[in-house]
Amino acid sequence: MRVFHGPTPLDLREQLKRAFNAPPESELLRILIATDAAREGLNLQAYCYDLFHFDLPWNPSRLEQRNGRIDRKLQRNAEVYCHYFVYTQRAEDRVLQALVKKTEAIRLQLGGAAQVLETRLANLLKTGIQHALIDAQADQINVLQLENERQQQLDQELKHSRLRQADLQRQVDSLRDGLDKAKRRLGLESGQLQDAVSCALNLLGAQSLANTDQPKKISCPRIQGVYCAAKMAVAG
């Protein structure tokens with residue numbers, strides 16, 4: 001068993017990560033106790049699929065980041081288990097349990113924590129868990145709606161999609177403009193330009209655009225003449 005926390009030096013962090021991710025038959029380190037210093041940038045999924053939270057952060061993103069140390073790609077096990085300690089005799093845990101359920105709902109419905117919803121949860125709990133308001137705080141967490149956040153996320157994704165589509169269209173227009181300029185400069189039509197490119201590829205020993213060992217029948221006599229002369233020069 002080893003400890004990973006804020007004061008852990010960088011070289012020791014890498015050493016702990018390598019040891020924990022090593023095959024169990026070759027490395028004894030199987031239990032790693034970590035603070036929130038390990039919630040980002042530490043991949044521990046090689047041989048571990050059990051995570052125990054001794055406390056719960058009130059920020060859903062931080063909770064998701066912790067679980068993400070083992071719940072990630074290249075995880076060998078079909079299931080990952082993230083455990084939370086809840087005590088029925090501890091009143092505060094009713095609020096924490098509501099937070100866990102809401103975080104899971106966010107993950108299932110939105111695929112990740114929505115910033116707006118995180119802000120609301122943070123505001124609800126910014127003064128801490130108050131014994132006199134425990135039931136009210138838990139109820140407030142439970143009734144937080146996700147529909148607005150989902151719509152905001154969809155709108156954002158749609159906006160990004162439109163921007164990508166517009167950028168792609170600009171690239172297509174630029175390429176089409178370049179092709180038109182090349183045709184005007186060379187005085188060739190589209191088919192003749194393809195003939196010219198095929199000839200060049202063939203002379204370089206590459207496969208022509210016609211996908212044959214020899215270029216296809218050339219429609220432009222000028223290109224045919226240039227090609228024959230170049231072929232003779234290369235052969236000579």
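Owing to the predicted nature of the structure, the values given are computational and were not obtained by experimental measurement.

Enquirer: What exactly am I supposed to notice about unusual backbone geometry here?
Expert: If a residue is not glycine, its phi is most likely negative; likewise, a peptide bond is most likely trans. The residue Leu74 is not glycine, and still its phi comes out positive at about 75 degrees. Mapped onto the elements of the fold, Leu74 is located in the loop between α2 (60–67) and β4 (81–84). Its relative accessible area of 74% is what places Leu74 among the exposed residues.

Enquirer: Would you mind going over the environment of Tyr84 with me for this structure?
Expert: Here Tyr84 is to be found in strand β4. With relative accessibility at 26%, the residue Tyr84 sits in the partly exposed group. The sequence separation of Tyr84 and Leu51 amounts to 33 residues, and the corresponding C-alpha distance is 8.8 Å. For Tyr84, the residues in contact, after removing those within four places along its chain, are His53, Leu56, Leu63, Asn67 and Val100. Among the polar contacts made by the side chain of Tyr84, one reaches the side chain of Asn67 at a distance of 3.2 Å.

Enquirer: Which parts of the structure should I look at to understand the pairing of strand β3 (residues 50–53)?
Expert: Along any regular strand the residues' side chains alternate between the sheet's two faces. In β3, alternate side chains face the same way, and those of Leu51 and His53 are buried while those of Asp50 and Phe52 on the opposite face are not. As paired elements, β3 and β4 share four bridges and run parallel to each other. If you follow Leu51 over to β4, its bridge partner there is Cys82.

Enquirer: For this particular structure, what's the right way to read the confidence of the model for the chain?
Expert: Low pLDDT means the predicted coordinates in that region are not meant to be read closely. A residue-level look at the chain finds 67% of positions with pLDDT of 70 or above and a mean pLDDT of 76. Mean pLDDT values for the elements of the chain range from 54 in helix α8 (residues 221–235) up to 96 in strand β2 (residues 32–34). Of the regions scoring below 50 in pLDDT, residues 212–216 engages in 12 contacts with residues more than four places distant in sequence or in other chains.

Enquirer: Help me understand the pattern of salt bridges, please; the structure alone is not making it clear to me.
Expert: Opposite charge on two side chains allows them to pair when their charged atoms are near. Counting across every chain of the model gives eight salt bridges. Here the residues in one salt-bridge network are Asp36, Asp55, Arg62 and Arg66, joined through shared partners.

Enquirer: What should I look at first to understand the packing of aromatic side chains in this one?
Expert: Given two aromatic rings, their pairing is described by the distance between the two centres and the angle made by the two planes. Considering all chains together, one arrives at one aromatic pair under this definition. The residue whose ring lies beneath Arg30 is Phe20, and the NZ or CZ to ring-centre distance is 5.6 Å. Positioned above the aromatic ring of Tyr47, the side-chain terminus of Arg76 is 4.3 Å from the ring centre.

Enquirer: Quick question: what am I supposed to make of the nonpolar core here?
Expert: Side chains of nonpolar character tend, in soluble globular proteins, to be buried together. In this structure, Phe4, Leu16, Ala19, Phe20, Leu29, Leu32, Ala38, Leu42, Leu44, Cys48, Leu51 and Ile70 together form the largest nonpolar core, which totals 12 residues. Among the elements that make up this core, the one with the highest residue count is helix α1 (residues 10–21) (three residues). Once residues lying within four places of it in the same chain are set aside, the contact partners of Leu29 are Met1, Arg2, Leu16, Ala19 and Phe20. Grouped together as the second largest cluster of nonpolar side chains are eight residues, Val95, Ile134, Ala138 and Ile141 included.

Rules behind the numbers
Residues numbered from 1 in each chain as written. Predicted model: local features only at pLDDT ≥ 70, side-chain atom pairs only at ≥ 80, totals over all residues. Heavy atoms only, no water. Helix = DSSP H or I, 4+ residues; strand = E, 2+ residues; numbered from the N terminus. Buried < 20%, exposed > 50% of the residue type's maximum accessible area, 1.4 Å probe, protein only. Contact = heavy atoms within 4.5 Å. Polar contact = N/O pair within 3.5 Å; in protein donor to acceptor, adjacent residues only side chain to side chain. Pairing = 2+ DSSP bridges. pLDDT = per-residue confidence, 0-100. Salt bridge = Lys/Arg side-chain N within 4 Å of Asp/Glu carboxyl O. Phe/Tyr/Trp six-rings, centres within 6.5 Å; stacked < 30°, edge-to-face > 60°. Lys NZ or Arg CZ within 6 Å of the ring centre and 35° of its normal. Core = buried A, V, L, I, M, F, W, Y, C linked by side-chain atoms within 4.5 Å.

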